[in-house]
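Structural overview for review
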Amino acid sequence: MSNIGKEIAQAAQLLKDGFCVAVPTETVYGLAADGTNEEAILKIFFTKQRPQSNPLILHFPTIQAIEPFIEDFPEKLQKLASFFWPGPLTLLLPKSALVPAIVTAGNERVAVRVPKHPMFRELLAQLTFPLAAPSANKYGSISPTQAAHVQQQFGEEIPYILDGGTCENGLESTIIGMENETVVVYRLGSIPIEAIAEVLKEEPLISTNHNNGKVLASGMVKHHYAPNTPLYFFDEQFTFTPNDGFIFFEKNRMNCSSEQVIVLSKNGNLTDAAANLYAALHQMDKQGFQRIFIEKFPNVDLGRTINDRLSRATAKYS
Ligand code: TXA
Ligand code: MG
């Protein structure tokens, strides 16, 4: 389609002019706008149909570029940043006055990330402002991991989709902040808890659900990341029909036609399964099944992030 392309300069110009542009990242595609321009940011909320109570992540080319936008950078989080940036880590840090209130939905902390995708980095390097970007999907649905997924959801609603190929990680960033001296994980993501704990030399606290009734992150909402087709965890007890689709981790556990089945990683690799997960859900949605069944993953490393997303997606239909 005409609004998909690889022209970084064109994307940069549109962003300078206050438009939204879909951008590739190593996690999922983002719907980006000038993070210092309130009017541009409003276009993100409008296009995504996302409530303004839901704050946005600011993306920067370097750690140094973040400094004017924050008041403090606790040592433990600096340690994580120097280990995982550029990469799929988002940190919640005390915001400075430079961050518009609409970015943080009035929160004292701003979410910041230095991404790894080369095309996104090149784009950020051409700009003098950070990019606010949520995942480039309508509120509540599955994140896009290919330019075509963005196109399917938004069509011509976005002036430009910068095509950076298939996202390497395929799951959103891991979101981390501090509460007093404790490191807290607010959203499981592309960096597994095990890797965080190894760098910190301590176990982080995991707080990925509603906090005292207050929603901190939209990804913490129970019904989220859902396909349009009803999704259920696979269980041999179900009575299946030819109108059901199946997604398995490493091997086909059903005796049915191959069009009905997607196996995410034939050699049982969680990294590959994570990278393929959202594309598989998008694909099954397109095939028009009545129901999709997906196997639960081993609850370790990225399997834990995948199970988190699937629990939220299946909750919508349970
Ligand atoms: O991998 C990612 O993080 C992708 C790419 C595009 O960077 N972005 C992404 O954004 O997943 P989004 O908006 O779909 O999810 C970001 C989450 C939301 O659940 C939001 O509520 C939370 O981060 N968040 C953002 N700013 C926050 C803040 N100041 N305090 C608490 N939560 C925040
Ligand atoms: Mg999202």
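Residues numbered from 1 in each chain as written. Chains lettered and ligands numbered in written order. Predicted model: local features only at pLDDT ≥ 70, side-chain atom pairs only at ≥ 80, totals over all residues. Heavy atoms only, no water.

**Digging into the packing of helix α9 (residues 270-287) against helix α10 (residues 301-315)**
- Their axes nearest at 8 Å, the elements α9 and α10 cross at an angle of 25°. For the element pair α9 / α10, the angle class is roughly parallel. α9 and α10 meet at a crossing whose hand is left-handed. Here α9 contributes Leu270, Thr271, Ala273, Ala274, Leu277 and Tyr278 to the contact with α10, which in turn contributes Asp301, Leu302, Gly303, Ile306, Arg309 and Leu310.
- When grouped by side-chain class, the residues that make up the contact of α9 with α10 number 8 nonpolar, 2 polar and 2 charged. (Axes fitted to C-alpha atoms, helices over the stretch in contact; angles between N-to-C directions. Helix = DSSP H or I, 4+ residues; strand = E, 2+ residues; numbered from the N terminus. Parallel < 35°, antiparallel > 145°, perpendicular 65-115°, else oblique. Left-handed = near helix turned anticlockwise from the far one by under 90°. Contact = heavy atoms within 4.5 Å. Nonpolar A, V, L, I, M, F, W, Y, C, P; charged D, E, K, R; others polar.)

**What about helix α6 (residues 118-125)?**
- Those residues of α6 lying buried are Met119, Phe120, Leu123 and Leu124. For α6, the angular spread of the buried residues around the axis is 135°, confining them to a single face. Exposed positions of α6 whose direction lies more than 90 degrees from the buried face are Pro118 and Ala125.
- Residues of α6 that are buried sit in contact with α1 (8-16), β2 (21-23), β4 (57-59), β7 (131-132) and β8 (160-162). (Buried < 20%, exposed > 50% of the residue type's maximum accessible area, 1.4 Å probe, protein only. Arc of directions from axis to C-beta.)

**Some details on α1**
- Here α1 has its buried residues at Ile8, Ala11, Ala12, Leu14 and Leu15. Here the buried residues of α1 occupy an arc of 165° about the axis, which is enough to place them on one side.
- Buried residues along α1 sit in contact with β2, β3 (30-34), α6, β7 and β8.
- One or two steps after α1, the chain reaches Gly18, where phi turns positive at roughly 90°.

**Observations regarding the nonpolar core**
- One finds Leu77, Leu80, Trp85, Leu89, Leu91, Val112 and Ile176 to be the most contacted residues of the largest nonpolar core, which totals 48 residues.
- If we ignore the near neighbours within four places in the chain, the residues touching Leu77 are Leu91, Leu92, Leu93, Ile176, Gly177, Met178 and Val183.
- Core analysis: the second largest hydrophobic core is formed by 27 residues, Val28, Ile247, Met284 and Ile306 among them. (Core = buried A, V, L, I, M, F, W, Y, C linked by side-chain atoms within 4.5 Å.)

**Brief notes about the sheet that holds β2**
- Taken in spatial order, the 11 strands make up an open sheet running β1-β8-β2-β3-β7-β4-β6-β5-β9-β10-β11, and their pairing is mixed. Each having just a single partner strand, β1 (4-5) and β11 (205-206) make up the two edges of the open sheet.
- Here helix α2 (residues 38-48) sits on the sheet in contact with β3 and β7, set at roughly 155° to β3. (Pairing = 2+ DSSP bridges.)

**Observations regarding the side chain of Ser190**
- Assignment of secondary structure puts Ser190 in the loop between β10 (182-187) and α8 (193-200).
- Look at Ser190 and you get buried, because its relative accessible area is 9%.
- Setting aside residues no more than four positions away along its own chain, Ser190 makes contact with Thr27, Pro88, Asn169, Leu171, Glu172, Ser173, Thr174 and Leu302.

**Quick word on the state of the cysteines**
- Tallying each qualifying case throughout the model produces 0 disulfides.
- Cysteine Cys20 is unpaired, with the sulfur of Cys167 as its nearest cysteine sulfur at 18 Å.
- Look at Cys20 and you get buried, because its relative accessible area is 5%. (Disulfide = S-S within 2.5 Å.)

**As for the environment of Ser318**
- Tracing the chain through its elements places Ser318 in the segment after α10.
- Ser318 gets classed as exposed once you look at its relative accessible area, which sits at 80%.
- Remark: the alpha-carbon pair of Ser318 and Gly35, spanning 283 residues in sequence, is separated by 37 Å.

Purely spatial values, then, with no claim about function.
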